[in-house]
Protein chains: 2
Amino acid sequence: MTAPSDARARGTRLPRVRRRRQLLAAAQEVFVARGYHAAAMDEIADRAGVSKPVLYQHFPGKLELYLALLEEHSEVLVEKQREALESTHDNRQRVTASFQAYFDFVAGDGEAFRLVFESDLRNLPAVREKSEHTFQRCAELIGEVIRQDTSISDEEAHLLSIALVGMAETSARYWLNNHGSVPKDAAEQLVARLAWRGISGWDLTRSDEDD
Amino acid sequence: MTAPSDARARGTRLPRVRRRRQLLAAAQEVFVARGYHAAAMDEIADRAGVSKPVLYQHFPGKLELYLALLEEHSEVLVEKQREALESTHDNRQRVTASFQAYFDFVAGDGEAFRLVFESDLRNLPAVREKSEHTFQRCAELIGEVIRQDTSISDEEAHLLSIALVGMAETSARYWLNNHGSVPKDAAEQLVARLAWRGISGWDLTRSDEDD
DNA sequence: CGCTCATCTTACTCCCGCGTAAGTTGAGTG
DNA sequence: CACTCAACTTACGCGGGAGTAAGATGAGCG
């Protein structure tokens, strides 16, 4: 928990790019563990085994440092999602792959997903927009698939996509926080089946009460 | 946006309980608009047409003030959810009612839902626990219904409930932020149908690939 | 009318954490 | 071996906001 990841021999000088990468890693640890507000620039510097002004030689301020990380991991999520949906043409498989991608994202990279899904800086427009935009792009990718196979309107398809993405995000986060109650792939399969049952053959049961 | 809700004639004295209610209302406005961190006790006091020490005569500190509001609205959500699920014995209706309850919650009471769903203080254990507990209670209510009608295991039922609650929360929030693209009851119906298609007759398609 | 006590105000203190000015160290180069 | 320039340090300024004395004010009551 307080493992200094990588503060090798406080006192070693590093070429600029290496140092920058290391600072980003240290910042990620601290922002993830504490959130934006409780994270102190001093602690980030400490964790990198370096003094504060060094941090300011690489980033103009706390906010920019945070945004750099947010940007990076947002991209990762969208990319994972795109890959998942392009990995097959079978829609049933697509659903599974898509959920898997969400679970992978949540499970990976030092819980960086907390920056994207649980930021405590969403009141700042820049952050809110970034988070929502990421969310929208994921939904849009799924929406395209849905529209291909149904006669549903664009707006409705988008809302369904939003609901599905919300489902994925929520269940993945829950699964992570309760490791052990259900193994990863079982959770993925279960939720994917729920989603697939929900959307497959949608057109066959239009506005009449189904069941 | 800067409507002082209720700063009637700065200078009127109020009996203790009335003042307390008014302070809570003012605090809610500010916390909702700015989030916990950006909210200033001065602004809350101002908005209530009162000076800061008055605030401290009613609440020991900023945190307790916030927690009081969080507690209150968490209860409201769980209660709405319980009512929805008790309002009928038809499970199809239950799903609709449950989603309606979520949308109502999000649409109501000065966007107080932001305290419960979008708190920027979730890094504080007290707040995290309260939010998650609320979430769990909603899921538990739904989980009971699911368990009644399926042979699914408890853990799996719970995970499904989590997914459904996540879907409700996400789509309700999205709908609110994009007022106008879809009318409220259309959105509710759409998402409810997605959920119902997902869970109804679950047992009929067990671990074999459906469709 | 003057006493009392809750309500409310002005005007601070104090801490915390971002960002910076100014100075130090040491690796590579001619 | 002196010179240079980037990498790094210590030590501080400073603003913003939570929380707090200490005093004013006014409604109700005897």
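Numbering of residues starts from 1 in every chain and runs along the sequence as written. Lettering for chains starts from A, numbering for ligands starts from 1, and both go in the order in which the items are written. Only residues with pLDDT of at least 70 get local features here, since the model is predicted, and only at 80 or more are side-chain atom pairs given and counted; chain-wide, interface and lining totals rely on the full set of residues. Excluded from the side-chain calculations are hydrogens and water; all other atoms, namely the structure's heavy atoms, are used.

Moving on: the protein's contact with DNA strand D. Note on definitions. A residue lies near a molecule or strand when any single heavy atom of the residue is within 4 Å of it. Inspection of the region around DNA strand D gives 20 residues, with Arg19(A), Ser51(A), Arg13(B), Lys52(B) and Lys62(B) positioned closest. When the atoms of DNA strand D within 4 Å of the protein are sorted by group, sugar and phosphate make up 44%. Note that a phosphate oxygen of DNA strand D is positioned 2.9 Å from one of the backbone N or O atoms of Met41(B). At 3.0 Å, a side-chain N or O of Tyr56(B) approaches a phosphate oxygen of DNA strand D. Note on conventions: DSSP H or I runs of at least 4 residues are helices, E runs of at least 2 residues are strands, and numbering of each starts at the N terminus. Elements with a minimum of two residues in the surface near DNA strand D: α1 (16-38) and α3 (52-58) of chain A together with α3 (52-58) of chain B. Put simply, Ala, Val, Leu, Ile, Met, Phe, Trp, Tyr, Cys and Pro go in the nonpolar bin, Asp, Glu, Lys and Arg in the charged bin, and everything else, Gly too, in the polar bin. Broken down by class, the residue content of the surface near DNA strand D amounts to 9 nonpolar, 4 polar and 7 charged. In protein, a polar contact requires one atom able to donate a hydrogen and another able to accept it; more generally it is a pair of N or O atoms within 3.5 Å, and residues adjacent in sequence count only if both atoms are side-chain atoms.

Counting 131 residues, the largest nonpolar core has Phe31(A), Ile44(A), Leu65(A), Phe31(B), Ile44(B) and Leu65(B) as the members making the most contacts within it. Not counting residues within four places of it along the chain, the set of residues in contact with Ile44(A) comprises Leu23(A), Ala26(A), Ala27(A), Val30(A), Phe31(A), Leu55(A) and Leu65(A). Definition of nonpolar core: a set of buried residues of the types Ala, Val, Leu, Ile, Met, Phe, Trp, Tyr and Cys, connected through side-chain atoms within 4.5 Å. Here the term buried applies to any residue with accessible area under 20% of the maximum for its type, exposed to any over 50%, and partly exposed to those in between, with areas from a 1.4 Å probe on protein chains only. Contacts between residues were defined by any pair of non-hydrogen atoms, one from each residue, lying within 4.5 Å.

Residues and elements named next belong to chain A. Boundary definitions for the domains trace back to an automatic or database domain assignment. Each assigned domain of chain A is listed here: domain 1 (16-59) and domain 2 (70-199). Its C-alpha centre places domain 1 at a distance of 29 Å from the equivalent point of domain 2. Taken residue by residue, the interface counts 6 residues in domain 1 and 9 residues in domain 2. Between domain 1 and domain 2, the buried area comes to about 630 Å², and carbon and sulfur atoms account for 60% of it. The term buried area means the drop in 1.4 Å probe accessible area that two parts suffer when joined, counted for both and summed.

Moving on, we come to the interface of chain B and chain A. Between chain B and chain A, the residue contacts involve 49 residues of the former and 49 residues of the latter. Note on chain B versus chain A: buried area summed over both sides is about 4300 Å², and carbon and sulfur give 57% of it. Here, a salt bridge means any side-chain nitrogen of Lys or Arg that lies within 4 Å of a carboxyl oxygen of Asp or Glu. Summed over the shared surface of chain B and chain A, the result is 2 salt bridges. The salt bridge involving Arg128(B) is made with Glu118(A); its shortest N-O contact spans 3.6 Å. At the boundary of chain B and chain A, one finds 8 residue pairs in polar contact (both at pLDDT 80 or more). Looking at the side of chain B that touches chain A, the elements that each hand over two or more residues are α1 (16-38), α7 (125-149), α8 (154-177) and α9 (184-199) of chain B. Residues that form the side of chain B that touches chain A fall into these classes: 17 nonpolar, 15 polar and 17 charged.

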